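One letter stands for each residue in the lines below.
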Amino acid sequence: MSARMVKLSDVLRNAIGEDFVPVYLQRGQIEVVLDNLISNALKYSGDDLPVTVDARLRPERRGAAERDLLQIDVSDEGIGIPEHELESIFTPFYRIKDG
């Protein structure tokens, strides 16, 4: 394992169980993604609303091959994204105008 790789269990210790299969990711990239998702969830949820991080393996079949995909869910009970803004949220550097 290179210095730029990290086990998922080192990143999300509290979200996974003991029997979770090790998943190797590029540390810098997963840190940026998780930091953005969790920071935004906390920012728009307020102090009294929960933010949940969950990780699980989800089986996927492509032809005869089957593999497990890692799914990480970050959820909150914050103000949400206005419906008219949903089309633009994956545009690089896009910011919601109403938030």
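So, here's what we can say about the structure.

What counts and what doesn't
Residues numbered from 1 in each chain as written. Predicted model: local features only at pLDDT ≥ 70, side-chain atom pairs only at ≥ 80, totals over all residues. Heavy atoms only, no water. Helix = DSSP H or I, 4+ residues; strand = E, 2+ residues; numbered from the N terminus. Buried < 20%, exposed > 50% of the residue type's maximum accessible area, 1.4 Å probe, protein only. Polar contact = N/O pair within 3.5 Å; in protein donor to acceptor, adjacent residues only side chain to side chain. Contact = heavy atoms within 4.5 Å. 1 Å grid on protein atoms, 1.4 Å probe; cavity = no way out; pocket = protein on both sides within 12 Å on 5 of 7 lines; lining within 4 Å. Points joined across faces, edges and corners; volume = space filled by probe spheres on them. Nonpolar A, V, L, I, M, F, W, Y, C, P; charged D, E, K, R; others polar. Pairing = 2+ DSSP bridges. Salt bridge = Lys/Arg side-chain N within 4 Å of Asp/Glu carboxyl O.

One can find Q71 in strand β4 (residues 65-76). Judged by its relative accessible area of 19%, Q71 falls in the buried class. A distance of 2.9 Å separates a polar atom in the side chain of Q71 from a polar atom in the side chain of R58. Of the polar contacts made by the side chain of Q71, one reaches the side chain of D73; its length is 3.1 Å. Not counting chain neighbours up to four residues away, the residues in contact with Q71 comprise D54, A55, R56 and R58.

Quick look at the layout of surface pockets now. Vacant regions in the atomic arrangement are exposed by a probe of water-molecule size rolled over the atoms. The space that makes up the largest pocket amounts to roughly 1000 Å³. What lines the largest pocket is a set of 23 residues, among which N36, N40, Y44, I81 and I96 lie closest to the centre. Counting only elements with at least two residues in the lining of the largest pocket, the list comes to α2 (27-45) and β4. Top contributing element to the lining of the largest pocket by residue count: α2, with eight residues. Partitioned by chemical class, the residues of the lining of the largest pocket number 12 nonpolar, seven polar and four charged.

Now for the pairing of β4. A regular strand carries its side chains on alternate faces of the sheet. Strand direction decides the pairing type here: strand β3 (residues 51-62) and β4, joined by 12 bridges, are antiparallel. Bridge assignment links V53 to a residue of β4, and that residue is V74. Between β3 and β4, which pair antiparallel and follow one another directly, the connecting turn spans two residues, one of which, G63, has a positive phi of 65°.

So, about unusual backbone geometry. What is expected of a backbone is that most residues other than glycine have negative phi and most peptide bonds are trans. Positive phi outside glycine occurs at F93, with the angle close to 65°. Mapped onto the elements of the fold, F93 is located in the segment after β4. Note on F93: relative accessible area 84%, which makes it exposed.

On to the pattern of salt bridges, then. Applying the stated criterion across every chain, the model contains three salt bridges. The partner of R27 in a salt bridge is E31, and the shortest N-O contact between them spans 2.9 Å. Of this pair, R27 and E31 both sit in helix α2, four residues apart, which is roughly one turn of that helix. E31 gets classed as partly exposed once you look at its relative accessible area, which sits at 38%. Salt-bridge contacts for E66 lead to R61; the nearest nitrogen and oxygen are separated by 2.8 Å.

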